[in-house]
Structures are given as C-alpha cells and as structure tokens.
Amino acid sequence: NGFSGIYLTAASANTITLNTVCTSPQPGIWLNSSNKNYIYSNNSYSNNNSGFLIDGTSSGNNVDSNIARFNSISGFVLNSNTVLGCTITNNLADSNGSYGFNITSARYNRLTNNKAIRNSNAGFNFVSSANNNIIVHNLSSNNRGNNGYGFYIQNSSFNYFAQNTVDSNAQYGFYLTGTSTADTFEKNNWIPGASNSDSAVFNNCGANTTFLFRYNYWSTTDSSIINNRIAGANSAQILWSPFRTST
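Residues numbered from 1 in each chain as written. Predicted model: local features only at pLDDT ≥ 70, side-chain atom pairs only at ≥ 80, totals over all residues. Heavy atoms only, no water.

(A) Summary view of the overall build of the protein. Counting its secondary structure elements, the protein contains one helix and 30 strands. Compactness check: the protein gives a C-alpha radius of gyration of 17 Å against a globular reference of 18 Å for 247 residues, within 12% of the reference. With the C-alpha coordinates aligned to their principal axes, the bounding extent of the protein is approximately 55 × 30 × 25 Å. Out of the 247 residues belonging to the protein, those deemed buried represent 53%. Put simply, of all contacts in the protein between residues at least 6 apart along the chain, 64% involve residues at least 24 apart. Approximately 9,700 Å² of the protein is accessible, and the part contributed by carbon and sulfur atoms is 46%. Each charge class in the protein was averaged separately, 11 positive and 8 negative side chains, and the resulting centres sit 5 Å apart. (Helix = DSSP H or I, 4+ residues; strand = E, 2+ residues; numbered from the N terminus. Rg over C-alpha atoms; globule rule 2.2 N^0.38 Å. Buried < 20%, exposed > 50% of the residue type's maximum accessible area, 1.4 Å probe, protein only. Contact = heavy atoms within 4.5 Å. Areas by Shrake-Rupley, 256 points an atom, 1.4 Å probe, with all protein chains shown as cover. Lys, Arg positive; Asp, Glu negative; His and termini not counted. Charge placed at Lys NZ, Arg CZ, Asp CG, Glu CD.)

(B) Examining the environment of Ser 98 more closely. Tracing the backbone shows Ser 98 in the loop between β14 (92–94) and β15 (101–104). Residue Ser 98 is classed as buried on the basis of its relative accessible area, which comes to 11%. Taking the C-alpha atoms as reference, Ser 98 lies 34 Å from Pro 242; in sequence the two are 144 residues apart. Apart from residues no more than four positions distant in its own chain, Ser 98 is found in contact with Ser 72, Ile 73, Ser 74, Asn 119, Ser 120 and Asn 121.

(C) Representation of the sheet that holds strand β2 (residues 15–17) in the model. Reading across the sheet, the ten strands line up as β2-β5-β9-β13-β16-β19-β22-β25-β28-β30 and stay open at both edges, with parallel pairing between neighbours. Edge positions in the sheet fall to β2 and β30 (238–239), since each of these pairs with one other strand and no more. Relative to β30, strand β28 (residues 211–214) is paired through two bridges, and the arrangement is parallel. Its bridge partner being in β30, Leu 212 is matched across the sheet by Leu 239. (Pairing = 2+ DSSP bridges.)

(D) Structural detail: the sheet that holds strand β10 (residues 67–69). Pairing in this open sheet of eight strands is parallel, and the strands run β3-β6-β10-β14-β17-β20-β23-β26 from one edge to the other. Of all the strands in the sheet, the pair left with one neighbour each is β3 (20–22) and β26 (189–191). Strand after strand, the sheet turns through a mean of 5° between neighbouring axes, direction not considered. As paired elements, β14 and strand β17 (residues 115–117) share three bridges and run parallel to each other. Across the sheet, Asp 94 pairs through a bridge with Ile 117, a residue of β17. (Axes fitted to C-alpha atoms, helices over the stretch in contact; angles between N-to-C directions.)

(E) Expanded view of the pairing of strand β24 (residues 174–177). The side-chain alternation of β24 yields two buried faces, one formed by Phe 174 and Leu 176 and the other by Tyr 175 and Thr 177. Bridge count between strand β21 (residues 151–154) and β24: four bridges; the pairing is parallel. Bridging across to β24, Ile 153 finds its partner in Leu 176. As judged from the four bridges shared by β24 and strand β27 (residues 201–204), these two strands associate in the parallel manner.

(F) Molecular detail of the side chain of Asn 119. Checked against the element boundaries, Asn 119 lands in the loop between β17 and β18 (124–127). Classification of Asn 119 by relative accessible area gives buried; the value is 0%. Sequence-distant contacts of Asn 119, defined by excluding residues within four places in its chain, comprise Ala 93, Asp 94, Ser 95, Asn 96, Ser 98, Tyr 99, Gly 100, Asn 142, Asn 143 and Arg 144.

Structure, rendered in structure tokens:
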C-alpha cells in the first residue's frame, strides 16, 4: 500500500496489540513523535524496511513481546536523540537483513530479555551517541556476515551492559570503536562460535579510554586464553579481570 502497516504520529497512550504486518515498503509498525504507547505481541515480518521503528520526539513507549522476522533492514529501530525512556523487552529479532536491534542516537532507554538471532549484521547496534542506555539479560546469537557482531558500539557512551549472553556470532562478541567511552560490561556470558573462536572483544577506541569488563564469563578459566580473546589497537584498555569461571 506504499505505507507502513501501522503508523502513529503525534499519538499518545495507545495500545497496539495482536496485529500482523507484512510486505510493507515502510517499517511495519512505526511510531513518530509519539509517547507512552504500548506495543504488545505484534508480528512484523517480510517488510521491505524494518519491522518496528520509533523516531522523532518519542518517549516512554513500551515495546513488549513482539516478533520482527525476515525484514529487509532491521528488526527494531530507535532512531533519534529525542527517543528517550522507552522500554524494549521480551522481543525477538530473527533473520532480518541488517541489525536485530538498531539504536541510533537514542538515549536513556532500557532493553531487557530480548533475543537477536540469525540477523545479517550485529545483533545489537549502538551508534551516533546512543548514550546512557541499560542493556540487561539479552541474547545475541548466531548473527552472521562480515558485521555479525554480538554487540557493536560506535561513538556511544555511558551504556550499561549486564547479564547478556553472546553466543556463536560470526564476528566479535563486543566491538567498540570511535569515541565511545565509559561503557560498562559486567556479568555477561561469551560463548565462541565455530569460526573466529577467539573473537570475544575488539577495542579500537582511544588509547586513554578504559572499559570495565568485570565478572564476565569467557568460556574458559585460563587467563592467558582470555587475554588472547581481547583484540584491537587498544586491547590493553579492556579491564577483564576479575572474571567468572562458570555461567
């Protein structure tokens, strides 16, 4: 129809639930400058765009228990520095053409209990000053291709990553680059894939920028092996000790 399946603009306090959207040329479900909406248990698949998009000046939206599958771009997108205070929880992004969850410039959001699997780029992507977000209890698994990272963080700071599982991705589990600073990673579980089995963390940020990677599980108890799994121009700035010996 040339449009999104469901499009809200300047709309607040709506409940969007139990809908199926497919083959749209625009994002399947799109919230633009809309606040405090509840997006629950929808299925957005095979759209020629992303499955779910929140942009403009949007705050306080709750996106819960939705599925984004086989979309040509990303599964779930937060795309604006005025997308604030949204809760993204219990969602599945599976086999999308780009990222599972793409957080571009959005701030102060919370992502919990989501799954990003088999996407063609990173499972979770934080770029362009996507700052001060909380990312807890998520799974990033079997994301593929040359950019198949578990978590990709570029020019984004003060984010908190905890108790996430990064499993069998094609590239590094955590990839940090650009001007990112003061991101914290603790109590996460990293499990290698069949290829790139030592690709846990890559750090290409500034030489004077340290990142705390405390109490993570690295699929080994051998400190020398863990050290070899940390790479990049500034790998020494990844503070990975102490670490856990089991999940």
